[in-house]
Amino acid sequence: MGRLKTPLLLQRGHPKSDRLGRIKKLDLSNLQLRTKDLDLKLLNRMKQLKELDLSDNLLERVPEGLDLPCLQVLKCSNNQLEDVTPLQQFSALEEVDFEDNLYLTVNDNYKISSLLPNIRKINGKETSSLMNHVKILNRELTSRVTAYWEKNYKVQLESRTQARELHKEFVKSAVREVRYGPESLSDFTQWKVKMIAQQLVASKASGKEAVVVVEEEEEEVVERDKDLSPEAPETPVETPAETPRTPAGASNQEYVLKLSAFKWKKKLPTDSPPCKRARSSPPPPDSQAAGQSAPTEGTQGQMAPEGQESMELQPMHFLQCHSKGNSPDDFSTQLWACAFEPTWNEGTGLPRGASQTVATCGGEAVCVIDCQTGLVLHRYKVPGEEFFTVAWTFLTLVTQDGRKKRSSVLAAAGRRGIVSLIHVRAGFCYGDIRAHRKPIAMACFSPSRETHLFTASYNKRIILWDIGLPDYNYHFRPSQLLMLDASATPLRLCPVASCPDHYLLAGCEDGCFAWDIRLNESQKRRECEMEFLFPQGPGQALKRVDGLGFVSKDVVASKGCTPGSICLWSWSQSLAGRGDKRQVTAIILAELQWSSTELSYLTLSTCPEKAFVFCGDEEGSVWMYNVRRYLQQQQQPLQAKVAPTKILRWPDLSARGKKMNKTLINTAVVDPTFTYLVALTDTNIITIWKRL
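Criteria and thresholds
Residues numbered from 1 in each chain as written. Predicted model: local features only at pLDDT ≥ 70, side-chain atom pairs only at ≥ 80, totals over all residues. Heavy atoms only, no water. Salt bridge = Lys/Arg side-chain N within 4 Å of Asp/Glu carboxyl O. Helix = DSSP H or I, 4+ residues; strand = E, 2+ residues; numbered from the N terminus. pLDDT = per-residue confidence, 0-100. Contact = heavy atoms within 4.5 Å. Buried < 20%, exposed > 50% of the residue type's maximum accessible area, 1.4 Å probe, protein only. Pairing = 2+ DSSP bridges. Axes fitted to C-alpha atoms, helices over the stretch in contact; angles between N-to-C directions.

The full count for this structure, using the stated rule, is 26 salt bridges. Lysine 111 is the salt-bridge partner of aspartate 187, the closest N and O atoms lying 3.3 Å from each other. Taken together, the positions of aspartate 187 in helix α6 (residues 186-206) and lysine 111 in helix α3 (residues 106-115) put the pair 76 residues apart, joining distant regions of the chain. It is possible to trace a salt-bridge network through shared partners that takes in Asp516, Arg518, Glu521 and Arg526.

This is the structure in structure tokens:
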């Protein structure tokens, strides 16, 4: 947009005037404005301004120094605001709307109520109940901070020379030790404790006793917020010397080491022996890592036959945002799964389209990342957890005033057997579902029913849940709809693309199976209905299917049963001659050449919109296959394995002085438009590539 100019302000102001000082209402919405574009000198000439609309822009903060003494209504929804405290400069403010700012949570509602005594509405809601709750919290926190001073610090104050250091220590200690209220309000209460403690030490320094005025409490019952939030992540560590400074406007909750923290060259690494390392896997803990070997000689960099699309991708970011203790030296945390946030297509009513927001999981954290900028938009952490899977859905949420909004919700699960539900736009976890007694290996939502979630556990069970729709207070009621029994651990889940309400396909430790999931059947606990059989070479007993995905409504890509290859097979053709048989021979359309490694759990992904299959290997490469020519094919005698369209090589990379030439790619995923490719490694590095 660029910096604001007088003609634009006059054009968008009301009543119409040739002078800024006469304007009472100003609409600056939907102009792609950034904070730097706001000209304070021009805006400060608008002394009679009562209503300002800054919604649907790109503002990182409200600038200090805005002198708008009459401002009563401020709209700044759908921006990138990180802090509401600058709003205290508008002493006459009565209404404020800052919904749909990723970094703001319910804690900021409390901060506004504490800072602005005249505020009547926040995000369209009356504040009388909220203000009363703030008074209760303020009174109790003031009492506790004062008692903490009297008990631990008053007797230590012996001379003026000690006072300053003692006061600093007291403020830090009070923020750390004084607790009151639900954990979901910990950000507000810690902020408030710091203010109260600073006021207390200021009064001690001046030799006057602090006088705290608490207004009379209204006779109104205030329900405390239910504690649904996880423990807040640690303060970010300082980035190494070679890491760039945080860009202007970036959140101070950005837990990443940027691209320049890793030194890389465009030149491909020379051939070298494959890296040998043991690898623990999220499937059953007693699984043993096998030996590794390089891809078959002659396939490196080999292109597919003429006529297939050639892909060129540029590495954009290398991120390290899942570290234990936020340590930049952690290159051991394994990253397991990622998924792009779907976008809502109003024209078709389907949640599918271009997206640059991706969720990743590994270790104790789930991160939501903007692929274009490389910024971590949100980081959700649960100490003691190890997240193995993430899945997105769209839910229709109803606001307190009855309005309906489509919002994306992220489900994350792992070792504890608990599914955490995260409302990403609000920036917090609103609830947990205790789904299984053992770890959850995989979770996925039904493509046809927004609240239906499948979870697969090490206890050899798959459960279909209805997670319900949360109300405006985020109260929700999940229910179990089906329990599907497996003979071994389910690793990958795929509702069948052509009939997602009828069959669920799963890759398991002992093969590939399908269940009837129709809800009009009375039986709520079911055995598998079909087992799919794949061709095996002489002496091969491997049945594990650790990669599974639909490339079209009918064609499935699966990996595991046949070493060194990925199978493309037809769902409809396989079922055509089934009859009543439980065992069904998979009709193979093609075999895709892949790494000859014996390592398991290197997961494939698919992009049905572009007819592509992706799979990482033990060398840090991503194998890409354009399979469009096979999607309408009937069964034919199998020819030689199909070479990849392209192999995307791991760059020549170093981190903190250490070479990172080889790494396992646990999974590689692209957005529906194949603009971004995100690869997760077993060395705590997320790589983001962009298609040129």
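Resuming the write-up.
Attention now moves to the confidence of the model for the protein chain. Should the pLDDT be low somewhere, the predicted coordinates at that spot are not to be read in detail. In this model, the protein chain carries a mean pLDDT of 80, and residues with pLDDT of at least 70 account for 80%. Across residues 208-308 the pLDDT falls below 50, and counting only partners more than four positions away or on other chains, this stretch makes 234 contacts in the model. Segment residues 346-351: pLDDT under 50, and eight contacts once partners within four positions in sequence are set aside and those in other chains are kept.

Counting buried positions along α3 gives eight out of 10 residues, so the element sits mostly inside the fold. Among the residues making up α3, those that are buried are Asn107, Asp108, Asn109, Tyr110, Lys111, Ile112, Ser113 and Leu115.

Take the pairing of strand β32 (residues 604-607) next. Alternating residues of β32 divide into Leu604 and Thr606 and Ser605 and Cys607, and every residue in both groups is buried. Here β32 pairs with strand β33 (residues 612-616) via four bridges, running antiparallel. Each bridged residue has a counterpart across the sheet, and for serine 605 the counterpart in β33 is phenylalanine 614. Two successive antiparallel strands, β32 and β33, enclose a turn made up of four residues, where alanine 611 displays a positive phi of approximately 60°.

This part is about the sheet that holds strand β11 (residues 357-362). Taken in spatial order, the four strands of this open sheet run β10-β11-β12-β13, and their pairing is antiparallel. Looking at strand neighbours, the two that pair on one side only are β10 (335-340) and β13 (376-381), the edges of this open sheet. With strand direction ignored, the average angle separating the axes of adjacent strands in the sheet is 15°. Here strand β12 (residues 365-370) pairs with β13 via five bridges, running antiparallel. Note on β13: the bridge partner recorded for alanine 365 is lysine 381.

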